[in-house]
Amino acid sequence: MRYIHGFPRIGEQRELKKALENYWNKNINRDELQKTAKELRIRHWNYQKDAGIDYISSNDFSFYDLMIDTIVMMGAEPARYRDIEDSFERYFAMARGDSKHKALAMTKWLNTNYHYFVPEIEPGQKFSPNTEKIVSEYTEAKENGIKTKINLIGPVTFLDFARGTKGNDPLDELESAVEIYAEILRTISRLDKNITVQFDEPALVKDPSKKMLKALESAYSKLSNIAGNIDIFVSTYFEHANEAVDVLVNTDIKGIGLDFVYGPKNLDSVEKIAKSGKLLIAGVVDGRNIWVSDIDGKVEFLNKLPIEKEQVIVSSSCSLLHVPYTLRYEEKMDKNVKSWLSFALEKLDELRIIDKLYRGETLGIDEEPYLKNRKVNKTRKSSVQIHSLSVKERLESLTYTQKERQMPAPQRLKIQHEVLKYPILPTTTIGSFPQTAEVRKLRKDFKEGAIGEKEYKSKIKEFIDYCVKVQEEAGLDVLVHGEFERNDMVEYFGEMLEGVTFSQNGWVQSYGSRCVKPPIIFGDISRPKPMTVEWITYAQSRTEKIMKGMLTGPVTMLNWSFVRDDLPKETVYKQMALAIADEVADLQDAGIKIIQVDEAAFKEGYPLRSENRAQYERVAVEAFKISTAVAKPETQIHTHMCYSDFNDIMPTIDAMDADVITIETARNGNRLLEAFKNYNYQKEVGAGVYDIHSPRIPSVEELEKEIADRLSVFPASKLWVNPDCGLKTRKWEEVIPSLENMVKATRNIRAKIVTL
Ligand code: GLN
Ligand code: ZN
């Protein structure tokens, strides 16, 4: 039996994205949007059916996000949306907000780059079941000759991922939520003679608390006994779920899904499942990375599992939502690299072949991927395209001076102050300036060959000139070039590195209609030539002030890419770090005195299990340090992190050894400051003074107060003044007065400090 946890829904040509955006822009009506959605669902079901998948999901489609769908299913729309009568409009208001309604908060789905919307649960929350979507998708599939399992986000995960509106724990509402799930199951039980329901419970893979495990027990003891004709599978992924298995084997559910790719410790649970007589949904085909499976290896792994074959269902490790659709539109990609990859459709075939071999079935003549697969995995191992001797040697011979800066931070900072001579409370920005339609068009024209390199460069330089002028007029102390040449902070660098490639059509849903095309790190990484030096030195040549060079750090580069799986990740981090170090060295040699190495994705890359944290921290810190160790004592290294909870990672932040860290503090009501308050941080900090997500222009008065607040945590000698994050999503007419006000407020505060 072959099982897929869920399928991507955005469409292989991003049809759903386009239809949604057309609907929002009123170019198509609701019926046309529904029609596209229906076509996609049917197409996706048929793909799976044709590939011989037995367990195909319904209710894995969504117009925006499955968590919002679950909010609707539970009748748990927050009160502030209740005035919107039309349910379709209400749905999109929760997702995107409108002129009268703020959208729900959005956050990352565990450690993926998919974002879900956060349910809001009141104390004593009232729920009421809404099975419209479940029923209609199930029926639609059935009418098209496909019997589906029904996917639901399970009650424990739904509540654990929710936010209590009054400081309450949403999990306290478990009992009434389970009542609703039970009613939903009763409705489902009337749909067919026998039905399988998959409950996704990934929350259980992150160090589950006793309370969660108790909730799990009470929920599934009840739900598994609602209707005799429903088989319940509880599915987990991304890590091991051993504590959850201990609970679930004592309930009457039918099967448990475990991820053996990202949760090798799940092996400890297999015997228990075997004994319980339940089915094991064995996640062996990587559902979130894009490399061809080692089919022989997977079959061998399955064969060794201490469980009867009849009890095993062969599965993807998680929903295929996290990988692109198919390689069949990749026309430009290097042929060899392409042969090493497997996107969603290709994974379906792998899964079938693994299952057939595991069961001792003969392969059909059209199933030669199996034979090809053996070859592919061999060529990948020995390909010169992947393996660079010089990169390897360089890594092996890393010396102490390439890993650590050569002077402790307090002494470095002293020298930097002498060289850089910036005032107290220095003002700066995080790097990007408005990415206007004009800027984007310029890059597009260049990419498509509509304009030549000379014209492109001179136009980018005009944007830089303007950006420098704006910053000088506003009176900022440390300037930036504005990042106009960059489409994206990871893609820009990925495109220039050896060992990294891009697909043409490898889109993955990030949230709603938004998709990303992550870089593919397939080989040893190196930097053939400088990537930013021309732009930054040009910008420096236009001003007497200090120009800050701007790079993306190794941890963020990897966390937002598909990373090769044939090397330890630690090695890939280090290779990336050395490539960035080369750029730091060149910027420094070109006279750039401050270099910022952004690590926006540092915190979100944390492992789901605390047992793996120390290892991640060690590797990530080491990579960051390798990328910056080349900086001389007088070269100041900045890093930047977007909103992250630092409370539990202050020693790690400290260990990164950046001279200055800029962080996002304004947006979240300064909660971050607490982390620094309780930690004796010796280096300098730019604690963001205004939220860049809003078009609002902060007043001088308000900014003075924000700065004063930060001065209660940091001494004036260690505090920088800057916005929360980059300004690329803002308009010039918002940015200019905001920065002017920021500088005015800083000057007012400086005057007060000096007179004290
Ligand atoms: N330097 C980048 C910018 O300003 C940082 C972006 C980020 O933190 N996400 O846009
Ligand atoms: Zn940021």
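Residues numbered from 1 in each chain as written. Chains lettered and ligands numbered in written order. Predicted model: local features only at pLDDT ≥ 70, side-chain atom pairs only at ≥ 80, totals over all residues. Heavy atoms only, no water.

This paragraph deals with the site of ligand 1. If you check the shell around ligand 1, you find 13 residues, and the closest are Ser432, Glu483, Asp598, His640 and Cys642. Between an oxygen atom of ligand 1 and a side-chain N or O atom of His640, the distance comes to 3.1 Å. Protein chains shield 93% of the accessible area of ligand 1, which is 300 Å² for the free molecule. Its residues assigned to classes, the shell around ligand 1 shows six nonpolar, four polar and three charged. (Near = heavy atom within 4 Å. Polar contact = N/O pair within 3.5 Å; in protein donor to acceptor, adjacent residues only side chain to side chain. Areas by Shrake-Rupley, 256 points an atom, 1.4 Å probe, with all protein chains shown as cover. Nonpolar A, V, L, I, M, F, W, Y, C, P; charged D, E, K, R; others polar.)

Listed as protein donors to the zinc ion (ligand 2) are His640 (NE2), Cys642 (SG) and Cys725 (SG); their distances from the metal cover 2.1 to 2.2 Å. Around the zinc ion (ligand 2) sit four donor atoms, and with donor-metal-donor angles ranging over 86 to 123° the site reads as tetrahedral. Coordination of the zinc ion (ligand 2) draws on donor residues from a single chain, spaced H-x1-C-x82-C in sequence. Judged by relative accessible area, which is 21%, Cys642 ranks as partly exposed. (Donors = N, O, S within 2.8 Å, 3.2 Å for Na, K, Ca; no water. Tetrahedral: all angles 85-135°; square planar, octahedral: opposite > 155°, others 65-115°. Buried < 20%, exposed > 50% of the residue type's maximum accessible area, 1.4 Å probe, protein only.)

Quick look at the pattern of salt bridges now. Taken as a whole, this structure holds 68 salt bridges when the rule is applied. The residue Asp172 makes a salt bridge to Lys211 at a minimum N-O spacing of 2.7 Å. Pair noted here: Asp172 is in the loop between strand S7 (163-164) and helix H7 (174-189) and Lys211 is in helix H8 (residues 210-223), with a separation of 39 residues, a long-range link. The partly exposed category is assigned to Asp172, whose relative accessible area is 48%. Arg609 is the partner of Asp207 in a salt bridge, and the nearest nitrogen-oxygen pair spans 3.8 Å. In this pair, Asp207 sits in the loop between strand S8 (195-200) and H8 while Arg609 sits in the loop between strand S20 (594-598) and helix H23 (613-628), placing the two residues 402 residues apart along the sequence. The exposure class assigned to Asp207 is partly exposed, which follows from its relative accessible area of 34%. Each of the salt bridges in this network shares a partner with another, and the network as a whole consists of Arg380, Lys392, Asp524, Arg564, Asp565 and Asp566. (Salt bridge = Lys/Arg side-chain N within 4 Å of Asp/Glu carboxyl O. Helix = DSSP H or I, 4+ residues; strand = E, 2+ residues; numbered from the N terminus.)

A word on the state of the cysteines. Tallied over the entire structure, the rule returns zero disulfides. Counting only cysteine sulfurs, Cys515 is the nearest neighbor of Cys318, a cysteine outside any disulfide, at a range of 17 Å. Cys515 sits in the buried class, given a relative accessible area of 8%. (Disulfide = S-S within 2.5 Å.)

What follows deals with the packing of helix H18 (residues 453-474) against helix H20 (residues 533-541). Two elements in contact, H18 and H20, have axes whose closest approach is 10 Å; the angle formed by their N-to-C orientations is 45°. The angle between H18 and H20 falls in the class oblique. When you trace H18 past H20, the crossing you get is right-handed. Between H18 and H20, the contacting residues are Tyr456, Lys457, Ile460, Lys461, Ile464, Asp465 and Val468 on the first element and Glu534, Trp535, Tyr538 and Ala539 on the second. (Axes fitted to C-alpha atoms, helices over the stretch in contact; angles between N-to-C directions. Parallel < 35°, antiparallel > 145°, perpendicular 65-115°, else oblique. Left-handed = near helix turned anticlockwise from the far one by under 90°. Contact = heavy atoms within 4.5 Å.)

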